[in-house]
Amino acid sequence: MNSQITNTRLNRIRFFIFIAAFFSLLIAENIFAQKAPVEIRKPQFSESRGKDFWVCFPQNAKNEFNAGLSFKLYITGDKETRGTVSIPGLGISKTFFLNPNEIVPVDIDTIAQIFGSDQIQKLGVHLVADNAVAVYGLSNRQASTDTFLAYPPNVFGQTYHGRFNYALSGPETAFTY
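Just so we're clear, the structure is a prediction, and the values are computed from it rather than from any experiment.

On a plain count of helices and strands, the protein chain comes out with two helices and nine strands. Residue burial in the protein chain is summarised as follows: out of 177 residues, 23% are buried. When contacts within the protein chain are restricted to residue pairs at least 6 apart in sequence, those whose partners lie at least 24 apart make up 68%. Per element, the accessible surface of the protein chain, about 13,200 Å² overall, is 57% carbon and sulfur.

This part is about a nonpolar patch on the surface. A surface patch of nonpolar side chains, amounting to about 510 Å² of accessible area, comprises Ile103, Tyr136, Leu149, Tyr151, Val155 and Phe156. On the secondary structure map, valine 155 appears in helix H2 (residues 153-156).

Below, the discussion takes up unusual backbone geometry. A positive phi angle is found at asparagine 101, which is not glycine, with a value near 60 degrees. Since its relative accessible area comes to 57%, asparagine 101 is described here as exposed.

The final tally for this structure, using the stated rule, is three aromatic pairs. Between the aromatic rings of phenylalanine 57 and phenylalanine 148, the centroid separation amounts to 5.6 Å while the plane-to-plane angle is 65 degrees, which identifies the pairing as edge-to-face. Taken together, the residues phenylalanine 57 in strand S2 (residues 57-58) and phenylalanine 148 in strand S9 (residues 144-150) connect sequence positions 91 residues apart. Phenylalanine 148 gets classed as partly exposed once you look at its relative accessible area, which sits at 26%. Ring centres 5.2 Å apart and planes at 15 degrees place the aromatic pair tyrosine 74 and tyrosine 136 in the stacked group. Note that tyrosine 74 is positioned in strand S3 (residues 70-76) and tyrosine 136 in strand S8 (residues 125-141), a separation of 62 residues in sequence.

Summarising the element assignment, glycine 116 is placed in the loop between strand S7 (113-114) and S8. Under the relative-accessibility criterion, glycine 116 is labelled exposed at 55%. Separated by 57 residues in the primary sequence, glycine 116 and glutamine 59 have C-alpha atoms spaced 7.9 Å apart.

This paragraph deals with empty space enclosed by the protein. If you walk through the whole model with that rule in mind, you get one cavity of 30 Å³ or more. A volume near 50 Å³ is recorded for the largest cavity. Around the largest cavity sit Val85, Ser86, Ile87, Ile92, Lys94, Asp107, Ile108 and Asp109, which together line it. Elements represented by at least two residues in the lining of the largest cavity include exactly strand S4 (81-87), strand S5 (92-98) and strand S6 (103-108). At three residues, the largest contribution of residues to the lining of the largest cavity is made by S4. In terms of residue class, the lining of the largest cavity is built from four nonpolar, one polar and three charged.

All right, on to the pairing of S3 then. Pairing of S3 with S8, which is carried by seven bridges, proceeds in the antiparallel orientation. From the neighbouring strand, lysine 72 faces S8, where its bridge partner is leucine 138. When S3 meets S6, the two strands line up antiparallel, connected through six bridges. Each residue of the ladder has a partner; that of phenylalanine 71, found in S6, is isoleucine 108.

So, how was this worked out
- Residues numbered from 1 in each chain as written.
- Predicted model: local features only at pLDDT ≥ 70, side-chain atom pairs only at ≥ 80, totals over all residues.
- Heavy atoms only, no water.
- Helix = DSSP H or I, 4+ residues; strand = E, 2+ residues; numbered from the N terminus.
- Buried < 20%, exposed > 50% of the residue type's maximum accessible area, 1.4 Å probe, protein only.
- Contact = heavy atoms within 4.5 Å.
- Areas by Shrake-Rupley, 256 points an atom, 1.4 Å probe, with all protein chains shown as cover.
- Patch = residues over 30% accessible without salt bridge, like charges linked within 9 Å, V, L, I, M, F, W, Y side chains within 5 Å.
- Salt bridge = Lys/Arg side-chain N within 4 Å of Asp/Glu carboxyl O.
- Phe/Tyr/Trp six-rings, centres within 6.5 Å; stacked < 30°, edge-to-face > 60°.
- 1 Å grid on protein atoms, 1.4 Å probe; cavity = no way out; pocket = protein on both sides within 12 Å on 5 of 7 lines; lining within 4 Å.
- Points joined across faces, edges and corners; volume = space filled by probe spheres on them.
- Nonpolar A, V, L, I, M, F, W, Y, C, P; charged D, E, K, R; others polar.
- Pairing = 2+ DSSP bridges.

What follows is the structure, encoded as structure tokens:
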């Protein structure tokens with residue numbers, strides 16, 4: 001009788017070892033199995049590309065005379081592109097040419113800087129291109145740099161969004177975020 005109990009226990013132990021080994025093999029197969037190659041796709045930024053943009057350059061920090069203020073638009077795209085950057089309210093217009101995958105900087109006259117708020121100022125910068133491009137802007141001076149990614153009107157419609165700082169006040173060491 002004792003040997004029968006021992007055989008039963010031995011059979012149960014063998015059964016559990018078999019089940020454990022079986023599941024271990026299943027798990028190991030999934031860990032070490034070769035998978036189909038992962039397709040590496042080039043990122044697409046279509047939601048920020050367009051052929052028509054309106055941007056502006058709000059006041060960069062406080063007014064510092066002779067502080068080397070400069071505004072630029074950087075334009076890039078994956079096709080050969082021609083276009084125009086203009087400030088219709090000031091009668092200023094420039095053309096640009098872009099090779100595929102190139103970044104072209106376009107200087108913007110700093111007279112287009114917007115001072116104040118809650119008033120209409122005809123200082124909008126209009127960019128028109130013959131192929132889809134991405135546009136980002138840079139407002140730079142000695143102790144302050146602002147940048148932005150421009151979105152074409154089809155992203156937000158006729159509602160324009162901006163995140164701007166309040167004007168600095170107080171001692172020279174005061175900062176605005």
